[in-house]
Amino acid sequence: MADRVTVIGWDGSPLTDAARSALAAATLVAGAAHHLALPEVPPRAERIRLGSTSLAARRIARHRGTAVVLADGDPGFFGVVRTLRAPEHGLEVEVVPAVSSVAAAFARAGMPWDDAQLVVATSRTLRRAVNVCRAHNKVAVLTSPGAGPAELALLLNGVHRTFVICEALGTEREQVTVLTSDKVADHTWRDPNVVIVVGGSGAGADSGTTQGTGWLAGHEVGYPPAIRGWALPTAEYAGEPAEGSGGGPAGESAQLRAAQLAWLGPRTGDLVWDIGAGSGAFAVEAARFGAAVIAVDSDADACGRGYAAARRFGVQLEIVHGVAPHILEDLPEPDVVRIGAGGTATVTAVADRRPARIVTHATTRDEAEAAGRALGERGYAVECALLQSVRLETAGWTETERSVVFLLSAIRN
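Residues numbered from 1 in each chain as written. Predicted model: local features only at pLDDT ≥ 70, side-chain atom pairs only at ≥ 80, totals over all residues. Heavy atoms only, no water.

### What to know about the environment of Gly229
Line of reasoning, step 1. Along the chain, Gly229 falls in the loop between β10 (193–198) and α9 (234–237).
Line of reasoning, step 2. A C-alpha to C-alpha distance of 44 Å links Gly229 and Asp11, two positions 218 residues apart in sequence. (Helix = DSSP H or I, 4+ residues; strand = E, 2+ residues; numbered from the N terminus.)

### So, the pattern of salt bridges
Line of reasoning, step 1. Taken as a whole, this structure holds 19 salt bridges when the rule is applied.
Line of reasoning, step 2. The residue Glu377 makes a salt bridge to Arg378 at a minimum N-O spacing of 3.7 Å.
Line of reasoning, step 3. Judged by its relative accessible area of 58%, Glu377 is exposed.
Line of reasoning, step 4. The shortest N-O distance in the salt bridge between Glu399 and Arg402 comes to 2.7 Å.
Line of reasoning, step 5. One network of salt bridges, in which partners are shared, links Arg127, Arg128, Arg267, Asp270 and Asp335. (Salt bridge = Lys/Arg side-chain N within 4 Å of Asp/Glu carboxyl O. Buried < 20%, exposed > 50% of the residue type's maximum accessible area, 1.4 Å probe, protein only.)

### What to know about the packing of helix α13 (residues 343–352) against helix α14 (residues 365–377)
Line of reasoning, step 1. The contact between α13 and α14 brings their axes to 9 Å, and the two run at 20°. Of the possible angle classes, the one that applies to α13 and α14 is roughly parallel. Helix-helix and strand crossings are classified by hand; for α13 and α14 the assignment is right-handed. Between α13 and α14, the contacting residues are Thr344, Val347, Thr348 and Ala351 on the first element and Ala370, Ala371, Ala374 and Leu375 on the second.
Line of reasoning, step 2. In terms of residue class, the contact of α13 with α14 is built from 6 nonpolar, 2 polar and no charged. (Axes fitted to C-alpha atoms, helices over the stretch in contact; angles between N-to-C directions. Parallel < 35°, antiparallel > 145°, perpendicular 65-115°, else oblique. Left-handed = near helix turned anticlockwise from the far one by under 90°. Contact = heavy atoms within 4.5 Å. Nonpolar A, V, L, I, M, F, W, Y, C, P; charged D, E, K, R; others polar.)

### Details of empty space enclosed by the protein
Line of reasoning, step 1. Counted by the stated rule, this structure contains 3 cavities of 30 Å³ or more.
Line of reasoning, step 2. Volume-wise, the second largest cavity comes out at about 40 Å³.
Line of reasoning, step 3. Lining the second largest cavity, in full, are Ala277, Gly278, Gly280, Ala295, Asp297, Ala302, Cys303, Gly306 and Ile319.
Line of reasoning, step 4. Those elements that provide at least two residues to the lining of the second largest cavity are β12 (292–297) and α12 (300–313).
Line of reasoning, step 5. The element that contributes the greatest number of residues to the lining of the second largest cavity is α12, accounting for 3 residues.
Line of reasoning, step 6. Looking at the lining of the second largest cavity residue by residue, the classes come out as 5 nonpolar, 3 polar and 1 charged. (1 Å grid on protein atoms, 1.4 Å probe; cavity = no way out; pocket = protein on both sides within 12 Å on 5 of 7 lines; lining within 4 Å. Points joined across faces, edges and corners; volume = space filled by probe spheres on them.)

### Notes on the confidence of the model for the protein
Low pLDDT means the predicted atomic positions in that stretch should not be read closely.
Line of reasoning, step 1. Per-residue confidence for the protein averages 91 on the pLDDT scale, and 94% of its residues sit at or above 70.
Line of reasoning, step 2. Counted against residues more than four places away or in other chains, residues 241–248, with its pLDDT under 50, gives 19 contacts. (pLDDT = per-residue confidence, 0-100.)

### What to know about the layout of surface pockets
Line of reasoning, step 1. In this structure, the largest pocket spans a volume of roughly 1400 Å³.
Line of reasoning, step 2. Taken together, 46 residues make up the lining of the largest pocket; nearest its centre are Asp72, Phe78, Gly79, Thr143 and Pro192.
Line of reasoning, step 3. The set of elements that each furnish at least two residues to the lining of the largest pocket consists of α2 (33–36), β4 (66–72), α4 (80–84), α5 (101–109), β8 (162–167) and β10.
Line of reasoning, step 4. Here the lining of the largest pocket takes 4 residues from α5, the largest share from any one element.
Line of reasoning, step 5. Grouping the constituent residues of the lining of the largest pocket by class yields 20 nonpolar, 17 polar and 9 charged.
Line of reasoning, step 6. Both of domain 1 (3–99) and domain 2 (102–198) provide at least three residues apiece to the lining of the largest pocket.
Line of reasoning, step 7. Taken together, 29 residues line the second largest pocket, and the ones lying closest to its centre are His219, Tyr223, Pro225, Arg288 and Val315. (Domains from an automatic or database assignment.)

Here you go:
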């Protein structure tokens, strides 16, 4: 095992005395090509070009001597420190940090970043990173080859954002470019780079000029919102007094919505389709969980209500006016889907897109059986429950509203 492992962060500025001392004593140095070219690297030290950090960690663990690992920015922030400290390597490390590339990028942009979401985009996580950019007003993306600014912009197709692209931070080749998302794919970008994606219509959508001070990283100033609770009466989403109502027809009942949310479990990085969005209540609540949401409705007035609800709750929705299933053809791939309208044809079209989970409801047993059969034939395990909710007026304990629906939940096999 290496006698000592020092991880040195590098942000382009001169190395500290502690970093120089560690390098001078090193018998093994690992880093990217531009790190290994630093004049402070001892000429007789063994050199490892960092590709796979796990492979490098195994070589360091077998080394007899003093090892130094050089990494860009703060190596403890989405960096090599986590891999080196993994139990299977048994390495104890000392860290000499530098300014993280994310902090440097926001400094170049002149923007605060305590309210930003931070994601890593790789070939495996690119789609989820894009969904975070859909759902949030300010996102810093640590990119990688094949998952860079152009790929982000292409997958955001139709969603307007502003990109601040910071290339080769801390080097002589550093460049900061600001473009709208529709122009980004027209350029070639150098690695490494950090991308700040800003814009949208929710709270804090003014690209960092919200007044006041927050208290929780990754959330806008004013978090948590004044409105508390989930599965609220539908009237809440229109900004109207609840008047003791569970909210509208069976398909809009708060109790059904609660069951659908619980089954789908929308989360950060997901893309949710809400087909037949109606009041926008389900779409808004899914967005409040951090998911990106595309709400579809054939009624222009319903689309307007959805926008108003999103503004009221400070979330971002992409709302599509059109008739399912045809309107679904050009939408990006969903993770989970709620089907509130469109019948068996829409159920079939959604199942053919293979989301992980689907929920829908029916008011008759025949409708439920038809939907369940369509899902089962397309490789989904289907459950059905008869969901009944009764609202009572508590002064006289009399029934004021009754909702009875078949709730179908499907999970991809």
